[in-house]
Amino acid sequence: MEHTHRGFLADCEKEQLHASGAVQSHGALLVFDSEQQLTHHSANFLTLTGMEPLETAQHFQAGRLVPAARELSEQPGSRLMLESGLETDLGLFDLVLSRGKTGQYLMEVLPAVGSRPLPDWIEPPQMHSIADAAELDSLRQALTRWVSAVTGFERVMYYQFLEGGDGEVVAETCLVETQGSYLGLRFPASDIPLIARRLYLQNPWRVIADAGSEPVPLQGSDKPDLTWCDLRSVSPVHAIYMQNMGDRASFSIPVISGQELDALLSCHSPEPGVLPLARLRAVQEVVRRYNTLLRDFRSRSRVRLLDEMTRTIQTELRQQAGLDASDSWQHLSRWLLQEFEADALIWCRNGEQRCAGISVEPELVQQLDSSFLRQTQELVFVADSIRQSLSIDLLSTMAGAAGVRFRRAGDSEQGRLYLLRTEQVEEVSWGGNPDKPVEHHDGVLGIAPRRSFAKWVETRLGYSRPWSSATRLKLLRLRDELQRSEYALPGDRVAEAGQ
Ligand code: BLA
């Protein structure tokens with residue numbers, strides 16, 4: 001069976017999440033245009049707050065509600081949070097005011113006393129800097145434990161995104177042991193569509209108070225942009241997904257590295273309800289600090305890797321250049337096979353081709369070479385499973401390949417280096433069958449997520465051991481050094497001519 005092109009699902013990418021025209025029922029919303037004229041209110045505004053929407057709007061316009069509103073930047077997504085910013089006969093409310101795309105103001109009104117038990121605050125785990133992968137691992141674990149303690153959510157997971165969009169639960173704290181564990185399970189990319197990921201990148205968190213509750217419509221002439229509004233109603237597909245998992249409430253905090261959504265800290269509960277704004281902010285603040293440490297760690301690792309790699313490459317190139325032709329090829333190929341943990345290697349330069357390691361079918365080499373040269377502009381490629389992308393029906397033991405092109409001064413053509421890895425049958429544990437992200441058509445939604453998240457083990461065929469995430473970077477570094485160094489290299493035209 002083919003298991004390679006799951007990816008994201010077109011159907012799931014179509015749902016206009018930001019234009020749902022409705023909010024979750026635990027809060028109420030007012031929308032104003034850029035002139036602060038009221039354009040929309042949620043149908044529950046009066047019952048939730050005890051205030052008329054128009055009356056509240058007047059307080060806002062007169063500067064009595066969120067007086068700092070006028071200083072709020074026009075930048076879409078900028079926001080002000082005001083704890084206990086509104087008191088009515090029905091109680092105290094937190095206010096979140098944000099700016100929409102065309103200058104609108106969105107005012108979220110949220111009960112200041114949350115609807116979940118609020119655990120005592122405890123200090124977050126010590127976070128100074130992350131020295132190595134082991135420390136990163138234990139910090140992720142400590143974070144899930146701490147988040148669970150201060151939120152009371154029964155299950156807190158560190159959901160790490162992988163290359164290609166799938167995700168894996170790499171740390172988990174679960175208060176109720178009988179609930180089982182998702183630790184180590186992989187989930188297909190389509191479980192969190194790109195359209196949702198973009199929203200999670202733009203917001204400090206996502207709260208879903210009750211996957212079982214009905215959304216509350218917004219009254220107004222159109223559907224305003226709710227990109228920066230956490231009260232945005234829950235996607236009906238995801239509401240079913242959560243209930244299929246046995247959950248009613250979630251609180252997810254993005255882990256962002258650079259511009260990318262790197263992971264989600266995802267809190268789940270079988271009980272509906274939300275935490276007060278102050279607690280959400282305090283938790284997010286700690287995750288933000290963690291984000292900074294993670295980014296520092298990633299960039300330090302990268303610099304260190306590049307330094308080490310540069311030194312190694314230079315040493316190896318120098319050493320092989322000092323040997324006579326056949327020894328130099330031996331030296332260079334042995335080092336490359338070892339450095340990249342490859343099983344075979346092909347070196348093409350100036351019309352000459354050399355191989356090392358396990359022998360590779362010439363047809364495969366030819367296909368690989370022509371597809372790299374003719375079909376892409378990329379300097380480097382890295383693939384765990386090459387068979388589908390090559391148009392030959394060839395039984396080869398090789399399943400993974402990586403390659404780089406380079407050109408030295410005086411070369412008649414681009415040089416290519418290919419590294420290959422043999423197939424390795426691997427077992428991947430998924431949370432539910434990933435080939436059934438959509439399990440039954442319920443007639444209402446058209447699509448609905450799978451019902452079972454029980455561990456599902458896939459035996460993956462046609463894959464090599466995965467290349468490390470540093471492979472691309474290392475190959476690019478190698479390319480630079482090959483092009484720049486003056487040392488003789490196998491396939492040199494001048495050297496060959498002199499022999
Ligand atoms: C959102 N899907 C999400 C979110 C998570 C997951 C964490 C973020 C919202 C939240 O915090 O609940 C998925 N939840 C998981 C995974 C685990 C988990 C993988 O606990 C693993 C342990 N979902 C589908 C399909 C579609 C889909 C087939 O399975 C598309 C049709 C959509 N997922 C979907 C949408 C959202 C979402 C639209 C956004 C929900 C929203 O913010 O309203």
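Everything numeric in this text was worked out from a predicted model, so none of it was measured.

K.L.:
What is the right way to read the overall build of the protein chain from this model?
P.N.:
Along its length, the protein chain carries 11 helices and 20 strands. Structurally, the protein chain occupies a C-alpha span of about 95 × 45 × 45 Å along its principal axes. A buried classification covers 51% of the 499 residues belonging to the protein chain. Sequence-distant contacts in the protein chain: of pairs separated by 6 or more residues, those separated by 24 or more amount to 67%. Of the roughly 23,800 Å² of accessible surface on the protein chain, 50% is carried by carbon and sulfur atoms. Both charge centroids of the protein chain, one from 51 positive and one from 67 negative side chains, sit 4 Å from each other.

K.L.:
Is there a simple way to explain the site of the ligand in this structure?
P.N.:
For the ligand, the set of nearby residues contains 29 residues, the closest of which are Cys-12, Tyr-200, His-238, Ser-252 and His-268. Between the ligand and Asp-191 there is a distance of 2.9 Å, counted from a nitrogen atom to a backbone nitrogen or oxygen. Ser-252 is positioned such that a nitrogen or oxygen atom in its side chain is 2.3 Å from an oxygen atom of the ligand. Coverage of the ligand by the protein chains reaches 99% of its 880 Å² of free accessible surface. Residue assignment for the shell around the ligand shows that the elements contributing at least two residues are strand S7 (155–161), helix H5 (194–202), strand S10 (206–208), helix H6 (236–244) and strand S12 (249–257). It is H6 that provides the largest number of residues to the shell around the ligand, a total of 3 residues.

K.L.:
Teacher, can you tell me more about the sheet that holds strand S14 (residues 344–349) here?
P.N.:
Strands belonging to one sheet form pairs held by backbone hydrogen bonds; the direction of such a pair is parallel or antiparallel. The strand order across the open sheet formed by 5 strands is S15-S14-S18-S17-S16, and the pairing between neighbours is antiparallel. Two strands bound the open sheet, and with one partner strand each, they are strand S15 (352–357) and strand S16 (380–383). Neighbour-to-neighbour, the strand axes of the sheet open up by a mean angle of 15 degrees, direction not taken into account. Relative to strand S18 (residues 415–422), strand S17 (residues 398–406) runs antiparallel, the two sharing 8 bridges. Within S18, the position partnered with Gly-403 by the bridge is Tyr-418. Sheet contacts for helix H10 (residues 471–484): S14, S16, S17 and S18; angle to S17, the most-contacted strand, approximately 35 degrees.

K.L.:
Explain the environment of Leu-368 to me, please; I cannot follow it from the model alone.
P.N.:
Mapping Leu-368 onto the fold places it in helix H9 (residues 362–375). Taking the C-alpha atoms as reference points, Leu-368 and Ala-401, 33 residues apart in sequence, are found 8.7 Å from one another. For Leu-368, the contacting residues outside a window of four places in its chain are Phe-381, Ile-386, Leu-390, Ala-401, Tyr-418 and Leu-420.

K.L.:
Can you help me understand the pattern of salt bridges in this one?
P.N.:
Side chains that carry opposite charge are capable of pairing whenever their charged atoms lie near each other. Evaluated as defined, the whole model comprises 23 salt bridges. Where Glu-285 meets Arg-288, a salt bridge forms, and the shortest distance between an N and an O atom there is 3.2 Å. With Glu-285 and Arg-288 both in helix H7 (residues 277–321) and 3 residues apart, this pair spans about one turn of that helix. Across the pair Glu-339 and Lys-474 runs a salt bridge whose closest N-O atoms are separated by 3.1 Å.

K.L.:
Please clarify how H6 should be interpreted in this entry.
P.N.:
Each turn of an α-helix holds 3.6 residues, which means side chains three or four residues apart point in the same direction. Residues Ala-239, Tyr-241 and Met-242 constitute the buried set of H6. Buried residues of H6 fall within an arc of 160 degrees about the axis and therefore sit on the same side. Positive phi shows up at Gly-246, right after H6, with a value of about 85 degrees.

K.L.:
What's the story with the side chain of Glu-458 in this structure? I'm lost.
P.N.:
If you trace the backbone, Glu-458 turns up in strand S20 (residues 455–460). Under the relative-accessibility criterion, Glu-458 is labelled buried at 2%. Side chain to side chain, Glu-458 and Trp-430 meet in a polar contact 2.6 Å long.

K.L.:
When you look at the pairing of strand S13 (residues 260–269) in this model, what are you seeing that I'm missing?
P.N.:
Regular strands show a simple pattern: their side chains alternate between the two faces of the sheet. Within S13, 9 of the 10 residues are buried, leaving the element largely enclosed by the surrounding structure. Pairing of S7 with S13, which is carried by 6 bridges, proceeds in the antiparallel orientation. Residue pairing for S13: Tyr-159 is matched across the bridge by Leu-264. Count of turn residues in the S12/S13 antiparallel hairpin: 2 residues, of which Gly-258 carries a positive phi of about 65 degrees.

K.L.:
Just checking my understanding: could you explain the sheet that holds strand S2 (residues 28–32) for this structure?
P.N.:
Judged by pairing direction, the sheet is antiparallel, and its 7 strands sit side by side in the order S1-S11-S3-S2-S6-S5-S4 without closing on themselves. Strands with a single pairing partner mark the edges of an open sheet, and in this sheet they are strand S1 (22–23) and strand S4 (79–88). Pairing of strand S5 (residues 91–99) with strand S6 (residues 105–111), which is carried by 7 bridges, proceeds in the antiparallel orientation. Its bridge partner lying in S6, Ser-98 is registered against Leu-106. The strands that helix H3 (residues 53–61) touches are S2, strand S3 (38–42), S5 and S6; relative to S2, the one it contacts most, it runs at about 55 degrees. Taken strand by strand, H7 contacts S4 and S5, and its axis lies near 160 degrees from that of S4.

K.L.:
Is there a simple way to explain the packing of aromatic side chains in this structure?
P.N.:
Aromatic rings considered in pairs are described by the distance between their centres and by the relative angle of their planes. On inspection of all chains with the given rule, the structure shows 15 aromatic pairs. Arranged with centres 6.0 Å apart and planes meeting at 70 degrees, the rings of Tyr-182 and Phe-187 form a pair that is edge-to-face. For Tyr-182, a relative accessible area of 10% translates into the label buried. When its relative accessible area of 3% is taken as the criterion, Phe-187 is described as buried. Here the aromatic cluster, defined as three or more aromatic residues joined through ring pairs, consists of Tyr-159, Phe-161, Tyr-182 and Phe-187. Taking NZ or CZ as reference, Arg-99 lies 4.0 Å from the ring centre of Tyr-105, over its face. Here the guanidinium or amino end of Arg-421 rests over the ring plane of Trp-467, the centre of that ring lying 3.9 Å away.

K.L.:
Even after reading the chapter, I still don't get the packing of helix H4 (residues 133–151) against H7, so can you show me in this structure?
P.N.:
Where H4 meets H7, the axes come as close as 11 Å, and the angle between the chain directions of the two elements is 175 degrees. Taken together, H4 and H7 sit at an angle that is classed as roughly antiparallel. Mapping the contact onto sequence places Ala-133, Leu-136, Leu-139, Arg-140, Leu-143, Trp-146, Val-147, Val-150 and Thr-151 in H4 and Arg-279, Ala-282, Val-283, Val-286, Tyr-290, Leu-294, Phe-297 and Arg-298 in H7. When grouped by side-chain class, the residues that make up the contact of H4 with H7 number 13 nonpolar, 1 polar and 3 charged.

K.L.:
Would you take a moment to explain unusual backbone geometry for this structure?
P.N.:
Negative phi values dominate among residues other than glycine, just as trans dominates among peptide bonds. The phi torsion at Val-66 lies on the positive side, around 50 degrees, for a residue other than glycine. Checked against the element boundaries, Val-66 lands in the loop between H3 and S4. Even without glycine at this site, Glu-341 takes up a positive phi of about 45 degrees. Here Glu-341 lies in the loop between helix H8 (325–339) and S14.

How each quantity is defined
Residues numbered from 1 in each chain as written. Predicted model: local features only at pLDDT ≥ 70, side-chain atom pairs only at ≥ 80, totals over all residues. Heavy atoms only, no water. Helix = DSSP H or I, 4+ residues; strand = E, 2+ residues; numbered from the N terminus. Buried < 20%, exposed > 50% of the residue type's maximum accessible area, 1.4 Å probe, protein only. Contact = heavy atoms within 4.5 Å. Areas by Shrake-Rupley, 256 points an atom, 1.4 Å probe, with all protein chains shown as cover. Lys, Arg positive; Asp, Glu negative; His and termini not counted. Charge placed at Lys NZ, Arg CZ, Asp CG, Glu CD. Near = heavy atom within 4 Å. Polar contact = N/O pair within 3.5 Å; in protein donor to acceptor, adjacent residues only side chain to side chain. Pairing = 2+ DSSP bridges. Axes fitted to C-alpha atoms, helices over the stretch in contact; angles between N-to-C directions. Salt bridge = Lys/Arg side-chain N within 4 Å of Asp/Glu carboxyl O. Arc of directions from axis to C-beta. Phe/Tyr/Trp six-rings, centres within 6.5 Å; stacked < 30°, edge-to-face > 60°. Lys NZ or Arg CZ within 6 Å of the ring centre and 35° of its normal. Parallel < 35°, antiparallel > 145°, perpendicular 65-115°, else oblique. Nonpolar A, V, L, I, M, F, W, Y, C, P; charged D, E, K, R; others polar.

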